[in-house]
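Report on the structure
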Amino acid sequence: MLNRKTVGDLRLASLSLLMATMLGTVAWAAEIPVADRSSVTKQSAPAAAAAAKLRLRWELERNEFTAAAPGGITRARFVLTNLDQHPLPPQGWSLYFNCMDGVATGPLAGNLTLEQVAGGLFRIRPTPGFAGVAPGQTLNVPYIHPNLVIKLAKAPAGPYLVYDSAPGVGQNIADYELLPVQRAEQLDKGDSGAKAVVTPRDTYRRNANADLLPAEALPPVFPTPLRLQQGLGTLHLAALPRIVAPAALKTEAAFARSLFPAAMPATGGAPELRLSVGTVAGQASPEAYSLTIKAGGGIAIVGNSAAGVAYGLQSLRDLMPLPGAASIDLPELTVVDAPRFPYRGFQLDVSRNFHTKQTVFKLLDLMARYKLNTFHFHLTDDEGWRLEIAGLPELTSIGAVRGHSAKPGVRLQPAYGSGGDPDNTSGTGYYTRADYIEILRYAAARHIDVIPEIEMPGHARAAVQAMEARYHRLKAAGKGDAAKYLLNDFDDRSVYKSPQMYNDHVINPGMESSYTFIEHVIGQVAALHRQAGVALRTIHVGGDELPRGAWEQSPASLALMQKKKLESTADLWDYFYDRVDVILRKHGLFASGWEEMAARTTMLRGQPKLIPNPRFTQRGFSAYVWNNTEGAEDFAYRLANAGYDVVLAPVTKMYMDMAYNANPEEPGVNWGDYVELDTVYDFVPLDYLRSGGKPLPGKDGLTDYGKRRIRGLEATLFTETVPTPEGIDYLVMPRLLAMAERSWAPDPAWATESDTTKAAVLHRAAWSGFVNTLSQRVLPRLDLEKADVNYRIAPPGLLLDGGRVLVNHVLPGIAMRYTADGSAPDINSKPVTGPIADKGVIQVAAFDRNGRKGQVAWVENR
């Protein structure tokens, strides 16, 4: 029989495995815990100087709903145990931690107080009357989250201790864990409208929307090509084909060679693999290609460009047997293919958590494999500046380092759990100029454009603090140009707060030094591209989330507004981006940015409303539209209809940092929505406002003119909760595959069928084809080619049915194994071959081709 303890143990087995993957920890809870083992989620922390031996636990106690807070608050507590031989003293210390959504500050029970330091950094410190914590004693510290904590990613992270006697040293508390969220009062959502947790039964029903298909029924090429005509014969390759290619295609020729086993013999009579740039009949896209395989004529790939040839080779890779096959037999066929959209992008944020160039290389390889062509490189933000800029060393010596400091201007504060030690690997790091050039060349060899993003005017705290430190250093040295690159007005008394809770992170447009800084940075980035020999056409210049109230009480901004006869800060915004556009054009670049850059805030019936900004419609701005949340569902279409080039990056469909579901342990955030694999697959780019076959009332659809302004799609990963490469893999894959399909292939038949019954039938067939292609060909190839991609292996769906347990998976045909004896399933457990009749607690997990286990689902079959 199940009891509360057993339920918690089962649930937290998956919880700890997930969080260990995301946070880079090694947790025991990859298996079901025994009865005397706590169910916890371990939080990683970088190594630091030896600290007092403290054990810290965090517990979500309960959610509460009142008339004053109908959306709910969360009551939580820290449980601190002193394991040291010495007491934690009554005074003279502070406990710091990060919290993404903030906490209620002020006095706490027991003569403690909770204070906000800045942004998402908080501290607890004793006040007069606090008794200290004796050796062996445990201290409970209850406090309040003003918003519901639904995801464990919103729990406090990265705690560290600072003693007043050593104010510049942050001592990380390595023994920090999150206690399970499983009781009814912890999971209560009240009438908040928040989504319920997902059960194995829910998963089963969702998975039941697809059928298991035979291998011969699957599309042979991914993403779905424009045209594919099957032949009757087979090309047998007993030896390495002779690769014939002009010198201009030497990179593609080398890639072609890599597709075949290294031990494959080379003989003079082998068929040819011919690569050439020519004309693909009927296809204007420079990325178009044709691929022809003939039993007696070898293989021929023709591209409208070298990129087209490369994509043809990726399709040839798809047609190859999976690694380990006894022979290579390729079907006769002809493929004529071209992408639907010219922009097929992926954005990686390396500011919130830094990721090495090796991780970037792996992502670029993954993008090339699935024919994505644009890498949006989010290099700067409030929490980090990650690119070396000649002449401004403070940008990386200060702006690329996170850790505790007693003095301002030394480094950035800890964020997203990076801890007090500046020698951490997630908060601290940057790319040297040589690194960046290497990344550019690596991407170019794979026909991927790199678009660097320099955030402005908001999301700029790293730059603002670095340039302020530069100013103070040079001024103290008596340098006359100390203020040359200063970004903030010291007399600014504006009152504002960003979504990340900062009030000191905005570049001031009233200061000429701001534009001097921007011109210098843009010039240096352009120079790096020239040095790399890689074209740069645009720089993404941010524009998102400027908080209301910014600049309003800045003497510098007010003086400029008076001088230029600007009526409001909205006009000042236009002035700022007008100046930025001039700088970009000087370097032969056009401006790209988040949709706010192309927007104008006005008032409608006393409420703020975003409209397309008429000032920049003819400037060639490219707007990346993330906001399709309630009230702004059609804003991307309105911008396109107004004449802006638009990249669709909707948060509720394409943000890879969104969690798959509402389960607390499921990694990711949820401020936009939850994004399952089918959420991405079901996105219809040019008609996404349709629901149930009908347009969303009161919203603008795309005009024919507007359709021509949609450049393409972008999958976006912000990394607030992602400090490890494994975490990237988990959140991005396999959802990126659905985005690749949507950005390359034409609309599927179900997307254009007006009859809802017929559309449902067509959708089931197409969705079944997609997930079977992933489970039987695409993901197994990644496994067997040792691509080191730890994609998410979802939990199976389970359904009790008359004494049996029915089992299915979002990836039909994936290997699944189960236990009924209380042990965790592993690669040696019983295979799932049909309904499970065993009694007891049935635990089931899926496994990839290398034996890597996914999340465990369980149900009691009595």
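Residues numbered from 1 in each chain as written. Predicted model: local features only at pLDDT ≥ 70, side-chain atom pairs only at ≥ 80, totals over all residues. Heavy atoms only, no water.

Here the focus is the pairing of strand S34 (residues 815–819). With 5 bridges joining them, S34 and strand S36 (residues 840–847) adopt antiparallel strand pairing. Bridge assignment links Arg817 to a residue of S36, and that residue is Ala845. Inspection of the sheet shows S34 paired to strand S35 (residues 830–831) by 2 bridges, in the antiparallel sense. Each bridged residue has a counterpart across the sheet, and for Tyr818 the counterpart in S35 is Lys830. (Pairing = 2+ DSSP bridges. Helix = DSSP H or I, 4+ residues; strand = E, 2+ residues; numbered from the N terminus.)

Right, let's talk about the environment of Asp578 for a bit. Here Asp578 shows up in helix H12 (residues 569–586). Asp578 gets classed as buried once you look at its relative accessible area, which sits at 18%. When the C-alpha atoms of Asp578 and Val79 are compared, they prove to be 53 Å apart, with 499 residues separating the residues in sequence. Apart from residues no more than four positions distant in its own chain, Asp578 is found in contact with Arg615, Phe616 and Arg619. Looking at Asp578, its side chain comes within polar contact range of the side chain of Arg619, at 2.4 Å. (Buried < 20%, exposed > 50% of the residue type's maximum accessible area, 1.4 Å probe, protein only. Contact = heavy atoms within 4.5 Å. Polar contact = N/O pair within 3.5 Å; in protein donor to acceptor, adjacent residues only side chain to side chain.)

Turning to empty space enclosed by the protein, a few remarks are in order. Summary: where empty space remains is shown by rolling a probe the size of a single water molecule over the atoms. Counted by the stated rule, this structure contains 6 cavities of 30 Å³ or more. Considered as a void within the structure, the largest cavity measures approximately 60 Å³ in volume. Along the walls of the largest cavity sit Leu56, Phe78, Leu80, Leu88, Trp93, Leu95, Leu112, Ile124, Val133, Leu139 and Val141, which together make up its complete lining. When residues of the lining of the largest cavity are traced back to their parent elements, those giving at least two are strand S3 (73–82), strand S4 (93–98) and strand S8 (138–145). (1 Å grid on protein atoms, 1.4 Å probe; cavity = no way out; pocket = protein on both sides within 12 Å on 5 of 7 lines; lining within 4 Å. Points joined across faces, edges and corners; volume = space filled by probe spheres on them.)

Let us now look at the sheet that holds strand S9 (residues 157–163). Within the open sheet, the 6 strands sit side by side as S5-S6-S7-S4-S9-S10. Their pairing is antiparallel. The strands lining the two open edges of the sheet, one partner per strand, are strand S5 (106–108) and strand S10 (171–172). Relative to strand S6 (residues 112–118), S5 runs antiparallel, the two being bridged by 3 bridges. When the bridges of S6 are listed, Gly106 appears paired with Leu114.

In this section: the nonpolar core. Phe346, Phe375, Phe377, Trp385, Phe517, Met733 and Phe770 are the most contacted members of the largest nonpolar core, which totals 157 residues. With 9 residues, helix H10 (residues 512–532) is the single largest residue contributor to this core. Grouped together as the second largest cluster of nonpolar side chains are 33 residues, Phe78, Leu112, Phe130 and Tyr176 included. (Core = buried A, V, L, I, M, F, W, Y, C linked by side-chain atoms within 4.5 Å.)

Where helix H6 (residues 357–369) contacts helix H8 (residues 433–445), the two axes come as close as 10 Å, and the packing angle between them is 10°. When the interaxial angle is binned, H6 and H8 end up roughly parallel. From H6, Lys357, Val360, Phe361, Leu364 and Asp365 reach across to H8, where they touch Asp435, Glu438, Ile439, Tyr442 and Ala443. Per-class residue counts for the contact of H6 with H8 are 6 nonpolar, no polar and 4 charged. (Axes fitted to C-alpha atoms, helices over the stretch in contact; angles between N-to-C directions. Parallel < 35°, antiparallel > 145°, perpendicular 65-115°, else oblique. Nonpolar A, V, L, I, M, F, W, Y, C, P; charged D, E, K, R; others polar.)

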